[in-house]
Amino acid sequence: MNLKDRIGIDLGRKVALEEGVAWAAKNGVRFIDCEIDSAPNELRSYLDGPRAAAVRAACEKHGVKLGLHTLSAVNIAETSPFVSAAADEYLRAYIDAAARLGAGWIVVHGGFHFTGDYQARRAASLARLERTLPHAEKKGVRLLLENLNKEPKSAEVHYLCHSLEECQFYFGHLQGAHIGWAFTANHAHFEPEGIDGFIDAMGLARAGEIRLADNRGEVEEHLYPGKGNIDFRRMFQRMEGAGYRGHYMCAFGSLDDMLRGRNDLAAMAGNP
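Below is a summary of the structure that appears in this document. (Residues numbered from 1 in each chain as written. Predicted model: local features only at pLDDT ≥ 70, side-chain atom pairs only at ≥ 80, totals over all residues. Heavy atoms only, no water.)

### Structural notes on the overall build of the protein
At step 1: Scanning the protein from N- to C-terminus turns up nine helices and 10 strands.
At step 2: Here the C-alpha atoms of the protein give a radius of gyration of 18 Å, agreeing with the 19 Å that 2.2 N^0.38 yields for 272 residues.
At step 3: Expressed as lengths along the three principal axes of its C-alpha atoms, the size of the protein is roughly 50 × 50 × 30 Å.
At step 4: Within the span of the protein, comprising 272 residues, buried residues form 53% of the whole.
At step 5: Looking at the protein alone, contacts between residues at least 24 apart form 76% of all its contacts between residues at least 6 apart.
At step 6: For the protein, the distance from the average site of its 32 positive side-chain charges to the average site of its 36 negative ones is 5 Å. (Helix = DSSP H or I, 4+ residues; strand = E, 2+ residues; numbered from the N terminus. Rg over C-alpha atoms; globule rule 2.2 N^0.38 Å. Buried < 20%, exposed > 50% of the residue type's maximum accessible area, 1.4 Å probe, protein only. Contact = heavy atoms within 4.5 Å. Lys, Arg positive; Asp, Glu negative; His and termini not counted. Charge placed at Lys NZ, Arg CZ, Asp CG, Glu CD.)

In structure tokens:
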């Protein structure tokens with residue numbers, strides 16, 4: 001499989017999953033991610049009835065590899081009564097849906113904190129992911145923890161697991177074959193260590209997906225490749241040179257933007 005074939009597209013919530021699989025097959029896209037929180041891909045619709053089986057059959061027929069992507073707005077670092085239990089159930093439901101869909105991975109998050117409650121939120125986040133892992137293992141689903149984006153210092157709300165230090169903390173505690181890393185390169189780009197620093201410190205042995213968009217190294221933007229200042233040629237050289245042979249995932253613009261972006265990214269990597 002050449003590099004372009006390994007570059008997938010994140011459907012997000014743009015289309016119904018059935019349409020997304022057909023679109024991917026038509027356009028030669030082999031890897032897709034999809035959020036299934038709300039319409040047209042409401043989570044409950046994949047937990048019973050025939051919908052999940054039909055999507056799974058379509059993926060198998062067309063050779064499309066499917067992953068799910070949880071919503072970062074759901075706070076996996078939740079500590080409040082009732083809501084905390086719902087966050088546990090949310091992750092379990094995603095795992096159950098992934099098993100029915102035949103999805104190979106689920107991108108998950110560390111949640112967020114409100115500055116003054118950092119330690120409590122981080123502890124709750126880690127504990128929730130730890131107690132979710134046995135269910136993922138039972139269902140044969142791999143969770144991929146994403147390094148999220150840094151927010152401005154003046155922001156009240158900050159994502160957990162965005163800095164290199166926090167990534168090392170989480171992955172130092174989370175072990176096993178059913179937990180890996182969704183390495184979002186554009187998020188690492190505006191951390192002090194940059195993409196190179198994350199690769200140097202973390203390696204890529206646990207990376208199950210590398211997510212791609214551009215930015216200017218300042219704030220979260222998800223720009224088309226080449227519209228920011230990420231050096232994608234160097235990035236691909238570092239990742240491929242480190243032995244990474246998994247898939248990449250475009251996460252910017254429209255479906256047509258990402259389809260065109262696959263060609264441009266492959267050309268930037270020297271594999272037109």
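### Here we look at the layout of surface pockets
At step 1: In this structure, the largest pocket spans a volume of roughly 440 Å³.
At step 2: Taken together, 23 residues form the lining of the largest pocket, with Asp 10, Gly 12, His 69, Arg 211 and His 222 sitting closest to its centre.
At step 3: For the lining of the largest pocket, the class distribution of residues is seven nonpolar, nine polar and seven charged.
At step 4: Of the volumes computed, that of the second largest pocket is approximately 150 Å³.
At step 5: Along the walls of the second largest pocket sit Arg 56, Cys 59, Glu 60, Gly 63, Val 64, Lys 65, Leu 66, Leu 101, Gly 102, Gly 104 and Trp 105, which together make up its complete lining.
At step 6: Elements with a contribution of two residues or more to the lining of the second largest pocket: helix H2 (51-62) and strand E3 (65-69).
At step 7: It is H2 that contributes the most residues to the lining of the second largest pocket, three residues altogether.
At step 8: Within the lining of the second largest pocket, the residues separate by chemical class into five nonpolar, three polar and three charged. (1 Å grid on protein atoms, 1.4 Å probe; cavity = no way out; pocket = protein on both sides within 12 Å on 5 of 7 lines; lining within 4 Å. Points joined across faces, edges and corners; volume = space filled by probe spheres on them. Nonpolar A, V, L, I, M, F, W, Y, C, P; charged D, E, K, R; others polar.)

### Considerations on the nonpolar core
At step 1: In this structure, Leu 17, Leu 66, Phe 183 and Met 239 are the most contacted members of the largest nonpolar core, which totals 76 residues.
At step 2: With residues up to four places along the chain from it excluded, the contact list for Leu 66 reads Leu 17, Ile 32, Cys 34, Val 55, Cys 59, Leu 101, Ala 103, Gly 104 and Trp 105. (Core = buried A, V, L, I, M, F, W, Y, C linked by side-chain atoms within 4.5 Å.)

### Some remarks on the sheet that holds strand E10 (residues 247-250)
At step 1: An order of E1-E2-E3-E4-E6-E8-E9-E10 is seen for the eight strands of this closed barrel, with the pairing classed as parallel. In this sheet, adjacent strand axes meet at a mean angle of 30 degrees when their direction is disregarded.
At step 2: Relative to strand E6 (residues 142-146), strand E4 (residues 105-108) runs parallel, the two sharing four bridges. Within the sheet, the bridge partner assigned to Trp 105 lies in E6 and is Arg 142.
At step 3: Across the sheet, helix H1 (residues 17-26) is in contact with strand E1 (7-10), strand E2 (31-34) and E3; its angle to E2 comes to roughly 160 degrees. (Pairing = 2+ DSSP bridges. Axes fitted to C-alpha atoms, helices over the stretch in contact; angles between N-to-C directions.)

### Quick look at the side chain of Arg 6
At step 1: Mapped onto the elements, Arg 6 comes out in the segment before E1.
At step 2: A polar atom in the side chain of Arg 6 sits 2.9 Å from the backbone oxygen of Gly 246.
At step 3: Once residues lying within four places of it in the same chain are set aside, the contact partners of Arg 6 are Met 1, Phe 31, Glu 240, Tyr 244, Arg 245, Gly 246, His 247 and Tyr 248. (Polar contact = N/O pair within 3.5 Å; in protein donor to acceptor, adjacent residues only side chain to side chain.)

### Quick notes on the packing of helix H7 (residues 194-202) against helix H8 (residues 232-241)
At step 1: Running from amino to carboxyl end, H7 crosses H8 at an angle of 5 degrees, the nearest separation of the two axes being 10 Å. In terms of orientation, H7 and H8 fall into the roughly parallel class. Contact residues: H7 offers Ile 195, Asp 196, Ile 199 and Asp 200, while H8 offers Arg 234, Met 235, Arg 238 and Met 239.
At step 2: When grouped by side-chain class, the residues that make up the contact of H7 with H8 number four nonpolar, no polar and four charged. (Parallel < 35°, antiparallel > 145°, perpendicular 65-115°, else oblique.)

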